[in-house]
Amino acid sequence: IKHLRSAADLDAATATLILDTAGEMAALSGREVKKLPALRGRTVVNLFYEDSTRTRISFEAAAKRLSADVINFSAKGSSVSKGESLKDTALTLQAMGADAVVIRHSASGAPHRLANWVDGSVVNAGDGTHEHPTQALLDAYTMRSRLGRLDGLKVAIVGDVLHSRVARSNVLLLTTLGAQVTLVGPPTLIPLDVAAALAEKTQVSYDLDAVLPDSDVVMMLRVQTERMQDSYFPSAREYSRRYGLDVARMKKLPEHAIVMHPGPMNRGMEIAPEVADSPRSTIVEQVANGVSVRMAVLYLLLGGK
Ligand code: CP
């Protein structure tokens, strides 16, 4: 494939190749091979119109470990503030010879538009409420390395499904790889049209306590208050009581089950601090795996040697 705009771009064989390649990248890093020459002479542009900590830094680290030249573009402080369009920004980057553009944008579909204007590969690093495919890949990688398989794995994705690009990409990727996904949250955050659109691929439940005992993975989503109207989210205390993962709820999980969160977290809202920092939590591991997975994505898209 040339671009990674959606987890739907990946069939099972391609997704598995990315996860296996990420495993090889991680093994090399574990053997103290800090830098590979694979993308020497290639240029990767990180084009971030929305804030990011994990994704932006790990794409930069991934590209540098593959010896690519990296240009970091942040909308803040650029000519975007003077009204320059995404198209004109893209054409400027194209003129500077970008081999890959990694884009985060508040508008759903921005990576698809960008792919019409640049010759290089486009990687979606999160577009609005639409998708975040490399997050889904690093989540799948983490599940496979912790639990040994994805096929048949029971994964509960919990919380603000409505606004979550992470949930959407995970549903697409995990079901492609044979996992059984259940979406859990209040009806206001899994409205009927969203549930119907995802119904062919997933189950939906409004009762977290009922789902936990039969889950191998529980993935807590950030409550995205910045994207919400009051009607979606009446009270933080009520939300936390019904859908927050605290220590008592975590004990309902099977012994082997893991707790995930893509970050950034609202500690004390969707996840209790004791749960986030517990041995069952893979939150820090997910961040570390993100570098290997993004190395694999850049390597495979750019035909690294
Ligand atoms: N998980 C994730 O996308 O985090 P950032 O917003 O910090 O990149």
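Residues numbered from 1 in each chain as written. Predicted model: local features only at pLDDT ≥ 70, side-chain atom pairs only at ≥ 80, totals over all residues.

Moving on, we get to the overall build of the protein chain. Helix and strand counts for the protein chain come out as 12 helices and 9 strands. By principal-axis analysis of the C-alpha atoms, the protein chain measures approximately 55 × 45 × 35 Å. Here the protein chain holds 305 residues, and 46% of them are scored as buried. Long-range pairs, those at least 24 residues apart, make up 76% of the contacts in the protein chain with a sequence separation of at least 6. (Helix = DSSP H or I, 4+ residues; strand = E, 2+ residues; numbered from the N terminus. Buried ≥ 20, exposed ≤ 12 C-beta atoms within 10 Å, placed from the backbone. Contact = placed C-beta atoms within 7 Å.)

Looking now at the UniProt feature "binding site: L-aspartate" (unreviewed entry) in the protein chain. With numbering aligned to this structure, UniProt lists the feature "binding site: L-aspartate" (unreviewed entry) at K82, R165 and R222. The greatest C-alpha distance among the annotated residues, which extend across 141 residues, is 32.1 Å, indicating that they are dispersed rather than converging on a single site. With respect to the secondary-structure elements, K82 resides in the loop between strand 2 (69-74) and helix 3 (86-95). Here K82 falls in the exposed class, since 6 other C-beta atoms lie within 10 Å of it. Among the secondary structure elements, R222 is positioned in the loop between strand 8 (217-220) and helix 9 (236-243). Residue classification places R222 among the partly exposed residues on the basis of 19 C-beta atoms within 10 Å. The residues contacting R222, other than those within four sequence positions of it, are D160, P264, M265, N266 and E270. (UniProt positions renumbered as here; feature names shortened; annotations may be inferred.)

A large share of strand 1 (residues 43-48) lies buried, amounting to 5 of its 6 residues. Summarising the sheet, strand 1 and strand 2 pair through 6 bridges and their orientation is parallel. Note on strand 2: the bridge partner recorded for F48 is S74. One crossover worth recording links strand 1 to the parallel strand 2 by way of helix 2 (residues 54-65), and it is right-handed. Bridging between strand 1 and strand 3 (residues 100-105) involves 5 bridges; their strand directions are parallel. (Pairing = 2+ DSSP bridges. Right-handed = clockwise from strand over helix to strand, strands pointing away.)

With 6 of 6 residues buried, strand 3 is to be regarded as a mostly interior element. Along strand 3, one buried face is formed by A100, V102 and R104 and the opposite face, lined by V101, I103 and H105, is buried too. Sheet analysis places strand 3 next to strand 4 (residues 121-127), joined by 5 bridges and oriented parallel. Paired with V101 across the two strands is V122, which belongs to strand 4.

Every residue near the ligand is listed here: S52, T53, R54, T55, G126, Q135, P262, G263 and P264. Among the residues making up the shell around the ligand, the classes are represented as 2 nonpolar, 6 polar and 1 charged. A domain split of the shell around the ligand shows at least three residues from each of domain 1 (7-131 + 287-301) and domain 2 (133-282). (Near = placed C-beta within 6 Å. Nonpolar A, V, L, I, M, F, W, Y, C, P; charged D, E, K, R; others polar. Domains from an automatic or database assignment.)

To continue, consider the UniProt feature "domain: Aspartate/ornithine carbamoyltransferase carbamoyl-P binding" (unreviewed entry) in the protein chain. Feature annotation in UniProt places "domain: Aspartate/ornithine carbamoyltransferase carbamoyl-P binding" (unreviewed entry) on residues 2-144, given in this structure's numbering. Along residues 2-144 one finds 41% helix and 17% strand; the C-alpha atoms at either end are 25 Å apart.

Before going further, it helps to examine the nonpolar core. The biggest cluster of nonpolar side chains holds 89 residues, and the ones touching the most others in it are V101, V218 and L298. Top element by residues in this core is helix 12 (residues 283-301). It accounts for 8 residues. Counting the residues that make up this core, at least three belong to each of domain 1 (7-131 + 287-301) and domain 2 (133-282). The residues touching V218, leaving out its near neighbours within four places in the chain, are A156, V158, L212, L245, L253, A257 and V259. (Core = buried A, V, L, I, M, F, W, Y, C linked by C-beta atoms within 7 Å.)

Here we take up the packing of helix 1 (residues 12-30) against helix 12. Where helix 1 meets helix 12, the axes come as close as 8 Å, and the angle between the chain directions of the two elements is 115°. When you trace helix 1 past helix 12, the crossing you get is right-handed. Taking contact as the criterion, the partners of L17, I18, T21, A22, M25, A26 and S29 in helix 1 are, on helix 12, S292, V293, M295, A296, V297, Y299 and L300. (Axes fitted to C-alpha atoms, helices over the stretch in contact; angles between N-to-C directions. Left-handed = near helix turned anticlockwise from the far one by under 90°.)

Moving on to the confidence of the model for the protein chain. Of the residues in the protein chain, 98% reach a pLDDT of 70 or more, and the chain-wide mean stands at 93. Confidence estimates for the predicted assembly give a pTM of 0.96 and an ipTM of 0.98. (pLDDT = per-residue confidence, 0-100.)

The subject of this paragraph is unusual backbone geometry. Most peptide bonds are trans, and most residues other than glycine sit at a negative phi. Cis geometry is adopted by the peptide bond preceding P264, which originates at G263 and carries an omega value of -10°. With respect to the secondary-structure elements, P264 resides in the loop between strand 9 (258-260) and helix 11 (273-276). In this model, S67 sits at a positive phi of 70°, which is unusual for a non-glycine residue. Within the secondary structure layout, S67 lies in the loop between helix 2 and strand 2. In this structure S67 comes out as partly exposed when scored by C-beta crowding, with 15 C-beta atoms within 10 Å.

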